[in-house]
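Reading the structure
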Amino acid sequence: MSEERKVLLEVDHLKKYFDTPRGMLHAVDDVTFQIEEGKTLGVVGESGCGKSTLGRTILRLLPSTDGKIIFNGEDITHVDSSRMLALRRDMQIIFQDPFSSLDPKMTVSQIIEEPLKIHKIYKNKAERMERVKELMSIVGLDERYVMTYPHELDGGRRQRIGVARALALNPKFIICDEPVSALDVSIQAQILNLMMDLKDSMGLTYIFITHDLSVVKHISDDILVLYLGKMVEMTDSDTLFDKPLHPYTKALLTAIPVPDASYKGKEAEVMKGEVTSPIEPPPGCRFAARCPLASERCLKESPEFKEVEPNHFVACHLYD
Ligand code: SF4
């Protein structure tokens, strides 16, 4: 019998538009999904597809334009700042570039201690320092770095500080926004392994945002592919790699360098053509300008995002 899991995060028809001098930029356009406790959703797409904006909107670092965000059963879409501060204990973020996301004037201990101070979790400095050292040990950062500054450490160790800081308040949910993109490949694997271990040992739930599908393959239970703010495909990780349906997903998979050639499809095409502007986008499929299979209909009618096989959702007229 399969284990019933609680839904921790529900995103319902979420939109985030930006008013620009050239018109409304549709950064996140009608995104809907759920994540169960203890699961990881990989969110994948090229730069500018709205994935980071989606993460920040879910965490309420940006106000949403429309739709709902339900966390742990509570509609948090419009909760006030004092409620949001309390919710920050459970909802954290790890940023892409550990160097620019860490204050260069703060030591490792000050960076990790800061959220503990803001949330007044421990009675005094001694208790906070004990927790800082515990967190450093959890993320594999030697205690001797406690008084060092971020610029004195390599990229992998700096990202471990980012992970320790995100874990400081014992969160339930972490958005990982390209957390390994700025790191060397060998260090990437170490940080990914650390994150997977922490997920299991601490029962964490992740959204893992990346432009690189190969990075999320092993860490994600499900994968959502975004294109210019729109959901184009979502299914479990194995199915996405074994049987991708959307022409954009197929193109992303062909971009993964060999030897990770898990996708054996023959239809994939390298993407050509101009990327459609997300500012006041034209009607029709947003991928049409680059899609080798586009028809007249694709230019006029936006495809509906729907389930075409059990737990396999896609937005493409080829599957109508
Ligand atoms: Fe290509 Fe048309 Fe499908 Fe869009 S709807 S991905 S243009 S075939």
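What you see is a predicted model; the values in this text were computed from it and never measured.

Quick word on the domain arrangement of the chain
- Splitting the chain by domain gives domain 1 (7-90 + 171-319) and domain 2 (100-170).
- Relative placement of domain 1 and domain 2: their C-alpha centres are 29 Å apart.
- Between domain 1 and domain 2 the total buried area reaches about 1300 Å² when both faces are included, carbon and sulfur atoms providing 71% of it.
- Put simply, domain 1 and domain 2 have zero salt bridges between them.
- Between the two partners, domain 1 and domain 2, sit two residue pairs in polar contact (both at pLDDT 80 or more).
- Across the side of domain 1 that touches domain 2, the residue classes tally to 11 nonpolar, one polar and four charged.

Some remarks on the site of the ligand
- Around the ligand, the structure places 13 residues, and the nearest of them are Cys285, Cys291, Cys298, Cys316 and His317.
- Its residues assigned to classes, the shell around the ligand shows 11 nonpolar, two polar and no charged.

Concerning the packing of aromatic side chains
- As enumerated under the stated definition, the model contains five aromatic pairs in all.
- Their ring planes at 80° and their centres at 5.0 Å tell us that Tyr227 and Phe287 sit as a pair that is edge-to-face. In this pair, Tyr227 sits in strand 9 (residues 222-227) while Phe287 sits in the loop between helix 10 (247-254) and helix 11 (296-300), placing the two residues 60 residues apart along the sequence.
- Judged by its relative accessible area of 2%, Phe287 falls in the buried class.
- Across from the ring centre of Phe18, 4.9 Å away, lies the NZ or CZ of Lys16, which sits over that ring.
- A cation over a ring is seen here: Lys217 above Phe241, with NZ or CZ 4.9 Å from the ring centre.

Considerations on the pairing of strand 10 (residues 230-236)
- With five of seven residues buried, strand 10 lies mostly within the body of the structure.
- Sheet topology places strand 9 next to strand 10; six bridges connect them, and they run antiparallel. If you follow Leu226 over to strand 10, its bridge partner there is Met231.
- Here strand 9 hands over to strand 10 after two residues, with Leu228 in that stretch at a positive phi of 45°.
- Here strand 10 runs beside strand 12 (residues 312-314); their pairing, made up of two bridges, is antiparallel. By the bridge assignment, Met234 is partnered in strand 12 with Phe313.

A word on the sheet that holds strand 9
- The mixed open sheet is built from eight strands, whose spatial order is 6-7-8-3-9-10-12-11. Each edge of the open sheet is held by one strand with a lone partner, namely strand 6 (91-94) and strand 11 (306-309). Strand-to-strand, the axes of this sheet are offset by a mean angle of 20°, without reference to chain direction.
- Alignment of strand 7 (residues 173-177) against strand 8 (residues 205-210), held across five bridges, turns out to be parallel. Residue pairing in the sheet places Ile175 in a bridge with Ile207 of strand 8.

Considering the pattern of salt bridges
- As enumerated under the stated definition, the model contains 19 salt bridges in all.
- Between Lys306 and Asp320 there is a salt bridge whose closest N-O contact spans 2.9 Å. Linking Lys306 in strand 11 with Asp320 in the segment after strand 12, this pair joins segments that are 14 residues apart in sequence.
- Judged by relative accessible area, which is 49%, Asp320 ranks as partly exposed.
- Members of the salt-bridge network, linked through shared partners, are Arg297, Glu301, Lys306 and Asp320.

Quick word on the pairing of strand 6
- Taking every second residue as pointing to the same face, both faces of strand 6 are buried, with Met91 and Ile93 on one and Gln92 and Ile94 on the other.
- Judged from the four bridges that link them, strand 6 and strand 7 form a sheet pairing that is parallel. Counterpart to Ile93 in the pairing with strand 7 is Ile175.

Considering the packing of helix 6 (residues 155-167) against helix 7 (residues 185-202)
- For the pair helix 6 and helix 7, the least separation of the axes is 10 Å and the interaxial angle reads 20°. By the criterion of interaxial angle, the relationship of helix 6 to helix 7 is roughly parallel. Helix-helix and strand crossings are classified by hand; for helix 6 and helix 7 the assignment is right-handed. Contacts from Gly156, Gln159, Arg160, Val163 and Leu167 in helix 6 reach Ile187, Gln190, Ile191, Leu194, Leu198 and Met202 in helix 7.
- Counted by class, the contact of helix 6 with helix 7 contains seven nonpolar, three polar and one charged residues.

Regarding unusual backbone geometry
- One non-glycine residue, His13, adopts positive backbone phi at about 50°.
- One can find His13 in strand 1 (residues 7-20).
- Residue His13 is classed as partly exposed on the basis of its relative accessible area, which comes to 44%.
- At Asn72, a residue that is not glycine, the phi angle is positive and equals roughly 55°.
- Relative to the elements of secondary structure, Asn72 occurs in the loop between strand 4 (66-71) and strand 5 (74-75).

What counts, and where the lines are drawn
- Residues numbered from 1 in each chain as written.
- Predicted model: local features only at pLDDT ≥ 70, side-chain atom pairs only at ≥ 80, totals over all residues.
- Heavy atoms only, no water.
- Domains from an automatic or database assignment.
- Buried area = accessible area lost by both parts, 1.4 Å probe.
- Salt bridge = Lys/Arg side-chain N within 4 Å of Asp/Glu carboxyl O.
- Polar contact = N/O pair within 3.5 Å; in protein donor to acceptor, adjacent residues only side chain to side chain.
- Nonpolar A, V, L, I, M, F, W, Y, C, P; charged D, E, K, R; others polar.
- Near = heavy atom within 4 Å.
- Phe/Tyr/Trp six-rings, centres within 6.5 Å; stacked < 30°, edge-to-face > 60°.
- Helix = DSSP H or I, 4+ residues; strand = E, 2+ residues; numbered from the N terminus.
- Buried < 20%, exposed > 50% of the residue type's maximum accessible area, 1.4 Å probe, protein only.
- Lys NZ or Arg CZ within 6 Å of the ring centre and 35° of its normal.
- Pairing = 2+ DSSP bridges.
- Axes fitted to C-alpha atoms, helices over the stretch in contact; angles between N-to-C directions.
- Parallel < 35°, antiparallel > 145°, perpendicular 65-115°, else oblique.
- Left-handed = near helix turned anticlockwise from the far one by under 90°.
- Contact = heavy atoms within 4.5 Å.

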